[in-house]
Amino acid sequence: MSALDAYHRAVQELLDGLDQRREVLERFAALLADTVAEGGLIYVTGSGHGHMVAEEAFYRAGGLAAVHPLLVPGLMLHEGAVRSSALERLPGIAHAVVADAGIGARDLLVVASNSGRNAYPVEAARSGRARGATVVALTSLAHVTQVSSRDPSGAKLPDVADLVVDTGVPYGDAAVPVGTEGLRVGPLSTIACVFALNAAIARATERLLERGAAPDVFASANTEGAEPLSPERLAYWRGRVRTL
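Because the structure is a prediction, the values reported are computed rather than measured.

Conventions we followed
- Residues numbered from 1 in each chain as written.
- Predicted model: local features only at pLDDT ≥ 70, side-chain atom pairs only at ≥ 80, totals over all residues.
- Heavy atoms only, no water.
- Helix = DSSP H or I, 4+ residues; strand = E, 2+ residues; numbered from the N terminus.
- Rg over C-alpha atoms; globule rule 2.2 N^0.38 Å.
- Buried < 20%, exposed > 50% of the residue type's maximum accessible area, 1.4 Å probe, protein only.
- Contact = heavy atoms within 4.5 Å.
- Areas by Shrake-Rupley, 256 points an atom, 1.4 Å probe, with all protein chains shown as cover.
- Lys, Arg positive; Asp, Glu negative; His and termini not counted.
- Charge placed at Lys NZ, Arg CZ, Asp CG, Glu CD.
- Pairing = 2+ DSSP bridges.
- Axes fitted to C-alpha atoms, helices over the stretch in contact; angles between N-to-C directions.
- Phe/Tyr/Trp six-rings, centres within 6.5 Å; stacked < 30°, edge-to-face > 60°.
- Lys NZ or Arg CZ within 6 Å of the ring centre and 35° of its normal.
- Core = buried A, V, L, I, M, F, W, Y, C linked by side-chain atoms within 4.5 Å.
- Salt bridge = Lys/Arg side-chain N within 4 Å of Asp/Glu carboxyl O.
- Right-handed = clockwise from strand over helix to strand, strands pointing away.

Moving on to the overall build of the protein chain. Regarding its fold elements, the protein chain presents nine helices and seven strands. The C-alpha radius of gyration of the protein chain comes to 18 Å, within 12% of the 18 Å expected for a compact globule of 244 residues. Reported as C-alpha extents along the three principal axes, the dimensions of the protein chain are approximately 60 × 40 × 35 Å. In the protein chain, buried positions account for 47% of the 244 residues. The contacts of the protein chain with a sequence gap of at least 6 include a subset with a gap of at least 24, amounting to 75%. As presented, the protein chain carries roughly 11500 Å² of accessible surface, and 53% of it is formed by carbon and sulfur atoms. Side chains of the protein chain carry 22 positive and 27 negative charges; the gap between the two charge centres is 5 Å.

Here it is in structure tokens:
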């Protein structure tokens, strides 16, 4: 079997595993729907490659307008990958980010971290909960249970979240062995987190419609004659979501 075939199979098995954890995805969707119905915002954050999960959910065709990403340039790879790995281990950053965002009791905070061990995701979750928000962790239990915490408290992400969505990603993330020297390729964590979050958002939107609500959902800006939202609704959300 080639690496292409092996990676294809690994992704299929990963998504099948997430689909089998319907109960937790339904709980996630219910939390998202309740947040929107109650006028809260859905904050999403992560460091390193985890920040892509926040970007994926934001201003996305088919995505809820109530999503607010927390993107910290120093923790993103484009400003220095090695430096971002060092910064995500430093305490204090997430506390400042969460406080500046103004997250409150009506809101929900999604924290994406495959390893669940670094100070940034742990502190973000803890700070969100301290401000009354509900916190959902997107993480790999196979990984987090095999590593020590880098947060001063000794806690890991699942310890400080209200709901843990286990992505099922294997320890070390890369899933496909190649050659004979133990080399592995084919990472899965971004695919898993994005699937779980988009699936929950889709179900949450469906739940809101079933309640008779009409949530604002972005359309693609690149279809003929379409805009993401009406000017009036976009102006409303720009008053609430700083990154719009």
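With that settled, consider the sheet that holds strand β4 (residues 134-139). Taken in spatial order, the five strands of this open sheet run β2-β1-β3-β4-β5, and their pairing is parallel. The outermost strands of the open sheet, each flanked by one partner alone, are β2 (67-70) and β5 (163-166). Taking each pair of neighbouring strands and ignoring which way they run, the sheet shows an average axis angle of 20°. Across the sheet, helix α6 (residues 119-130) touches β1 (42-46), β2, β3 (108-112) and β4, and the angle it forms with β3 is around 170°.

With that settled, the discussion passes to unusual backbone geometry. Even without being glycine, Y59 reaches a positive phi, approximately 50°. Residues other than glycine seldom take positive phi values, yet D173 does so here, at roughly 75°. Judged by relative accessible area, which is 14%, D173 ranks as buried.

A few words now on the packing of aromatic side chains. Aromatic ring pairs are reported here in terms of the distance separating the ring centres and the angle at which the planes meet. Throughout the structure, instances matching the rule amount to three aromatic pairs. Here Y59 and F218 contribute two aromatic rings whose centre-to-centre distance is 5.0 Å and whose plane-to-plane angle is 75°, an arrangement assigned as edge-to-face. With Y59 in the loop between α3 (51-57) and β2 and F218 in the loop between α8 (189-210) and α9 (231-238), this residue pair connects regions lying 159 residues apart in the sequence. By way of ring pairs, the aromatic residues F58, Y59 and F218 are connected into one cluster. Directly above the ring of Y236 sits R233, whose terminal nitrogen or CZ lies 4.5 Å from the centroid.

In terms of nonpolar packing, the biggest core is built from 57 residues, with F28, V44 and L138 touching the most fellow members. In terms of residue count, the dominant contributor to this core is α8 (seven residues). Those residues in contact with F28 that sit more than four places away from it in its chain are V110, V136, L138, L163, V165, A196, L197 and A200. The next biggest cluster of nonpolar side chains, apart from the first, holds eight residues, and it includes A10, V11, L18 and A175.

With that out of the way, let us pick up the pattern of salt bridges. Where side chains of opposite charge bring their charged atoms close, a pairing between them can arise. Throughout the structure, instances matching the rule amount to 12 salt bridges. A salt bridge links R203 to E210; the shortest N-O distance between them is 3.7 Å. Connected through salt bridges with shared partners, the residues E26, R203, E206, R207 and E210 form a single ionic network.

The next point concerns the pairing of β1. Buried residues dominate β1, accounting for five of its five residues. Burial along β1 is two-sided: the residues I42, V44 and G46 and Y43 and T45 are all buried. Direction of pairing for β1 relative to β2: parallel, over a ladder of four bridges. If you follow I42 over to β2, its bridge partner there is V67. In this fold, β1 hands off to α3, which returns the chain to β2; that crossover is right-handed. Sheet topology places β1 next to β3; five bridges connect them, and they run parallel. Considered in β3, the bridge of V44 is made with V110.

Let us now look at the environment of A142. Mapped onto the secondary structure, A142 falls in helix α7 (residues 141-144). Residue A142 is classed as partly exposed on the basis of its relative accessible area, which comes to 33%. In contact with A142, other than residues within four places in its own chain, are V169, P170 and Y171.

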